[in-house]
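Now for the letters of each chain:
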Amino acid sequence: MSGFSSEERAAPFSLEYRVFFKNEKGQYISPFHDIPIYADKDVFNMVVEVPRWSNAKMEIATKDPLNPIKQDVKKGKLRYVANVFPYKGYIWNYGAIPQTWEDPGHNDEHTGCCGDNDPIDVCEIGSKVCARGEIIRVKVLGILAMIDEGETDWKVIAINVDDPDAANYNGINDVKRLKPGYLEATVDWFRRYKVPDGKPENQFSFNAEFKDKDFATDVIKSTHDYWRALVTKKTDGKGISCMNTTVSGSPYKCDPDAAKAIVDALPPPCESACTIPADVDKWFHHQKN
C-alpha cells in the first residue's frame, strides 16, 4: 500500500470539514505537493476526492496550507453536483494526480486556452467505489480535453492497478471495447453537469474525442513541469499554498512541527455528520442538444 493515510477534521458536509493527509510516520503532509506523482514505473498516484455515485463536490484546497480536501463553496453554500439524468452523482471515482498543475499563465498548444489553476483531474473507471482521501495507484489509459468557461481542464481516464480487470486495460480502445458507452457517458456528463447551476454546456477540443495513453502521459508530464516551477517559486502561484515537507529546492518547504501546528489550530475531529440537503437526491432532466 501507499503508506499514506488521511484524517477527517470537523463534521462531513460542513463548511469546516477537512481531510488532512499523513505520511508513513504519521506526520502531516500536503497531498498536492508531498505525495509523489509516480507510484511505480508507468503507474501514477491518484488522490481520490469524490467517490463514485456521490454528489458532494470535494476537492484539494489549493490555496489552504497543506492543501486538505474540503467541499467546494459557492455563494456561501456547500456545493453538490446535480443528478443529471440518467447519472447519479459522479460516474467514476474522481480525483487528481499529485505534483501536477495546470498553469493559468500557460496557453495550451492543443486547446488554445490557459490552465485551470488546479492539479490535473482523473476519472478512475474500476469496479471499486473508493473512499474520499484514499491514495490509489492508477494506470493511465487516455485523456479528454475539456474547456470549462474558457479554461483548459484535462480529464485523465485511468484504472486502479489493483482492480481485478486492470490487466485487460492498456489503452483507451480497451475502455471502448470492454465498457461500451462509458466514454460517451463521460463526455455527456462533463458537457452537462453545470447546466443545473445555470451555466452553459462545457465544450471540448478534438471534437470531444479521447486521446490515447501516450498523449495523456505527455500532458501529465507537462503539468508536472509546471508544478515544479510553481513549488520552486519560478512561477507566481497567485495565492496557491505551496507549503510542503519534502520538496528539495522549494523555498516553501517546512518541518513537520510547522505542519502539525497548522492542523492543531483547527477544530478537533468530529464524529457527527451534518444533514445533507434533501434536494441533493433530486433528478435534473436536461434535453441534449
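As recorded in an unreviewed UniProt entry, the chain goes by the name inorganic diphosphatase, listed as coming from Pipistrellus kuhlii. Entered under Sequence similarities (unreviewed entry) in the UniProt record, the comment concerning the chain runs "Belongs to the PPase family." Recorded in UniProt under Cofactor (unreviewed entry), the annotation for the chain is "Mg(2+)".

Caption draft 1: Spotlight on the overall build of the chain. Check the secondary structure of the chain and you find four helices and 16 strands. Expected size for 289 residues packed as a compact globule is a radius of gyration near 19 Å; at 18 Å, the chain falls within 12% of this value. Viewed in the frame of its principal axes, the chain has a C-alpha envelope of about 55 × 45 × 40 Å. A buried classification covers 55% of the 289 residues belonging to the chain. Sequence-distant contacts in the chain: of pairs separated by 6 or more residues, those separated by 24 or more amount to 68%. If you sum the accessible surface of the chain, you get close to 13,200 Å²; carbon and sulfur atoms cover 50% of it. Taking the average location of the 37 positive side-chain charges in the chain and that of its 44 negative ones, the two points are 2 Å from each other.

Caption draft 2: Representation of the environment of D162. Topologically, D162 is positioned in the loop between β14 (151-160) and α1 (172-178). Once the C-alpha coordinates of D162 and K63 are considered, the two residues, 99 residues apart in sequence, prove to be 32 Å apart. Polar side-chain contacts of D162 include one of 3.0 Å to the side chain of R137.

Caption draft 3: Structural detail: the state of the cysteines. Within the structure shown, the criterion is met by zero disulfides. Free cysteine: C113, not disulfide-bonded; nearest cysteine sulfur from C114 at 7.5 Å.

Caption draft 4: Highlighting the side chain of N23. Secondary-structure assignment places N23 in the loop between β2 (18-22) and β3 (28-29). Residues in contact with N23, not counting those within four places in the same chain, are G3, F4 and I29.

Rules behind the numbers
Note on numbering: residues in each chain are counted from 1, in written sequence order. Owing to the predicted nature of the model, reporting of local features is limited to residues with pLDDT of at least 70; listing and counting of side-chain atom pairs is limited to 80 or more, with chain, interface and lining totals taken over all residues. Just so you know, side-chain values use all the structure's heavy atoms and leave hydrogens and water out. UniProt positions are given in the numbering used here, feature names are shortened, and annotations may be inferred rather than shown by experiment. Helix and strand definitions here come from DSSP, where helices need a minimum of 4 consecutive H or I residues and strands a minimum of 2 consecutive E residues; each element is numbered from the N-terminal end. As defined in this context, the radius of gyration uses C-alpha atoms, and a globule is described by 2.2 Å times the residue total to the power 0.38. Under the scheme applied here, a residue whose accessible area is under 20% of the maximum for its type counts as buried, over 50% as exposed, and between as partly exposed, the area being computed with a 1.4 Å probe on protein chains only. Whether two residues are in contact is decided by their heavy atoms, any of which lying within 4.5 Å being enough. Each accessible area is a Shrake-Rupley result for a 1.4 Å probe, and residues are judged covered by the shown protein chains and nothing else. Neither His nor the chain ends is counted toward charge; the positive residues are Lys and Arg and the negative residues Asp and Glu. The atom standing in for a charge is NZ when the residue is Lys, CZ when it is Arg, CG when it is Asp and CD when it is Glu. N or O atoms closer than or at 3.5 Å make up a polar contact, with two conditions inside protein: a donor-capable atom paired with an acceptor-capable one, and, for residues adjacent in sequence, both atoms drawn from side chains. In what follows, a disulfide is any cysteine sulfur pair within 2.5 Å.

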